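Remarks on the overall topology
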Amino acid sequence: MSRVRLAAVALAAGALALTACSSGGGGGSGEKNSSAPTKDNNKAENYSLGTAADSTGPAAEVPGAKKGGAITVLQRDAFNHLDPGQIYYSDVLTVQMLYNRTLTSYKVAQDGTVKVVGDLATDTGTSSDGGKTWKYTLKDNLKFEDGSPITSQDVRWGIERLYAPFETDGPLYIPQWLSGEGVSFRKALPNGPYDGKHLPDSVLSTPDAKTIIFHFLKPHADAPYAVAMPNVGAIKQAKDTKQKYDNAPFSSGPYKVGTYKVGKSLTLVKNTNWDPKTDPIRHQYVDSFNIDFGHQFADSTRRFLADQGEDKNGLSFSNAVAPELTQKVLSDSTAKARSFVEVQPYVDYISFNMTRLKDPEVRKALAYAMPNSQILQQNGGATAGEVATNLLSPSLAGWKASDPYGKKTHPAGDTAKAKEILTKANKLNTEIVYGYPNTDVQQKVSVVITQALERAGFKVQKKEIDSNVWRTAIAEVGNKFDIYRTSWGADWPVASTVVPLLYDGRTIADGGSNYAHINVPGVNSEIDRINAVPDVKTAAPEWMTLADKIFTEDIPGVPTFYNKQYSLWGSNVGGVKYHSVYGTVDPTAVFVK
């Protein structure tokens, strides 16, 4: 899928998605407090392209850092993928930084400023042919966990395997830019490289072991950001086990998989063949990360508050402070000192399955009825986010305030208006199948949503989904739910990393990000038109206009709140900072005191 052509100096990177990517959800307090973030670090002005000097290692030492010890990581949801080619959620975007290196990556400073720098590559790339051709040179002394050298052919293999039919869940910028929009790119290499076939050199070339050259169909000045995605790295052919790679990714970073019990736990241990002199981002202070799944927000918060035993060495990548425990954190001065509240690049939505909900009046009634403020309150209130009024995050270039469904005046939903719409459309008592993950927070959210929709004249059938699989379940085109919670964040603060991925009908596929299954020819053609605009400043307000048009005319869902992350960790953990690109704790510099 083509992307808006950007002036390099105007580019900015933001999460996940990924970052046209999805968040695991926030948490925090219903009260305003001194822990509130002082600025939004996801704004475009906080991002820049680094130089070749910025791309050299080792990473600057963290004051007071020590080597040794183990970090305990408590996570609510099991990771849905470890294969870098399949990663697009914030929690796995975070963990992959420890074992996976990409052509470029993000150097995040303590003050929240971000530079895109060369990771495997010596710099952020050299373009020619008006931005259609991009050349990257690999650093010296790059090695896999077995000590074998990382070559450009390994990067090529990593990219070509994205064409295989099982690689469906990760970002697809690079294969689409190389070979075609939507899912049409797969025709260029239907089984990836596994049949011994490769993309022609006119598309992707590796003239020597250190050089890889991309030949895009159209100019893409944002390539330095696209090749920072987790699936643009090195995969060793001999270690590529296709779908089974999810359980045993082969490391290029400072840590490698020690033991992995799917759905239960993951231990990362030191990779002795990682060379810090090649890495401007990561450290290898601790001996291991012991990651344990199945910890609800209340559980992890209580343990970090109690601060006993191994929990003193504990953190979570993405678990937030539980809403009901916020005041305890705020009243504990030592706990407040080891916490942060930061604005995330994510928007939470309730998506409407347009395959099933075909009547726009029903969708309009749902949008009016949705109790945004109550949903936010169950997630944590003021330190979890702000009530959303339109489809795009305020961090995006060109964003402007709009509120077509009156969420500022009716933050708990306008159920009277919704009922009026249903009555006029002769749709009272329409049954809505509501799918939601069985987490403690989302179970509470399901109650307030159900009550609001029933007041508006709907009948609601609630369907709990195992939180370990809900992300996969809602991404199935044939899912049997009418509405479900989704979340999305720009891969960099430009709406070309949001609108096309969520609302282009040509991208509908299992594992895809068009969760509403919206397929409107006029929307698709407008996406193409704006994508062809050569200047980000010109394109930015046009993306906003299109998003508002989609929201008011097609109604593929309703945004509920703009996310924040409220994190707490153990007293014996140092080097914690916020990763403003992924919207999580940054684990690359943590140490045991």
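Report on the accompanying structure.

Describing the sheet that holds strand E8 (residues 211–215)
Here 4 strands make up an open sheet; going across it, the order is E5-E6-E8-E7 and the pairing antiparallel. For this open sheet the edge positions go to strand E5 (126–128) and strand E7 (204–208), each flanked by a neighbour on one side alone. Each strand of the sheet is rotated relative to its neighbour by a mean of 20°, with strand direction disregarded. Note that E5 and strand E6 (residues 133–137) share 3 bridges and pair antiparallel. Across the sheet, threonine 126 pairs through a bridge with lysine 135, a residue of E6. Sitting on the sheet, helix H2 (residues 152–160) touches E7 and E8, and the angle it makes with E7 is about 165°.

Some details on the pairing of strand E17 (residues 483–489)
The buried fraction of E17 is high, at 7 of 7 residues. Where burial is concerned, the two faces of E17 agree: the one with Ile483, Arg485, Ser487 and Gly489 and the one with Tyr484, Thr486 and Trp488 are both buried. Relative to E17, strand E13 (residues 339–352) runs antiparallel, the two sharing 7 bridges. Within E17, the position partnered with tyrosine 346 by the bridge is glycine 489. In terms of strand pairing, strand E15 (residues 431–437) meets E17 through 2 bridges, oriented parallel. By the bridge assignment, glycine 435 is partnered in E17 with tyrosine 484.

Structural notes on the packing of aromatic side chains
Counted by the stated rule, this structure contains 20 aromatic pairs. Ring geometry for phenylalanine 144 against phenylalanine 250: centres 5.8 Å apart, planes inclined by 40°, an arrangement best described as tilted. Here phenylalanine 250 lies in the loop between helix H4 (223–226) and strand E9 (255–261) and phenylalanine 144 lies in the loop between E6 and H2, a separation of 106 residues in the sequence. As far as burial versus exposure is concerned, phenylalanine 144 and phenylalanine 250 are alike and both buried. Between tyrosine 434 and tyrosine 436, the ring centres sit 5.2 Å apart and the planes meet at 40°, which makes this aromatic pair tilted. We note that tyrosine 434, like tyrosine 436, is buried. What links up through ring pairs into an aromatic cluster is the set Trp134, Tyr136, Tyr173, Trp177, Phe214 and Phe216. Directly above the aromatic system of tyrosine 245 lies the positively charged group of arginine 161, at a separation of 5.0 Å from the ring centroid.

A look at helix H9 (residues 372–379)
For H9, the set of buried residues is Asn372, Ile375, Leu376 and Asn379. Looking down the long axis of H9, one finds its buried residues gathered within 100° of arc, a one-sided arrangement. Where H9 is buried, its residues contact strand E14 (385–387), helix H11 (440–455) and strand E18 (557–568). Phi turns positive, to about 135°, at glycine 380, one or two residues after H9.

The rules behind these values
- Residues numbered from 1 in each chain as written.
- Predicted model: local features only at pLDDT ≥ 70, side-chain atom pairs only at ≥ 80, totals over all residues.
- Heavy atoms only, no water.
- Pairing = 2+ DSSP bridges.
- Helix = DSSP H or I, 4+ residues; strand = E, 2+ residues; numbered from the N terminus.
- Axes fitted to C-alpha atoms, helices over the stretch in contact; angles between N-to-C directions.
- Contact = heavy atoms within 4.5 Å.
- Buried < 20%, exposed > 50% of the residue type's maximum accessible area, 1.4 Å probe, protein only.
- Phe/Tyr/Trp six-rings, centres within 6.5 Å; stacked < 30°, edge-to-face > 60°.
- Lys NZ or Arg CZ within 6 Å of the ring centre and 35° of its normal.
- Arc of directions from axis to C-beta.

Purely geometric stuff here, so don't read any function into it on its own.
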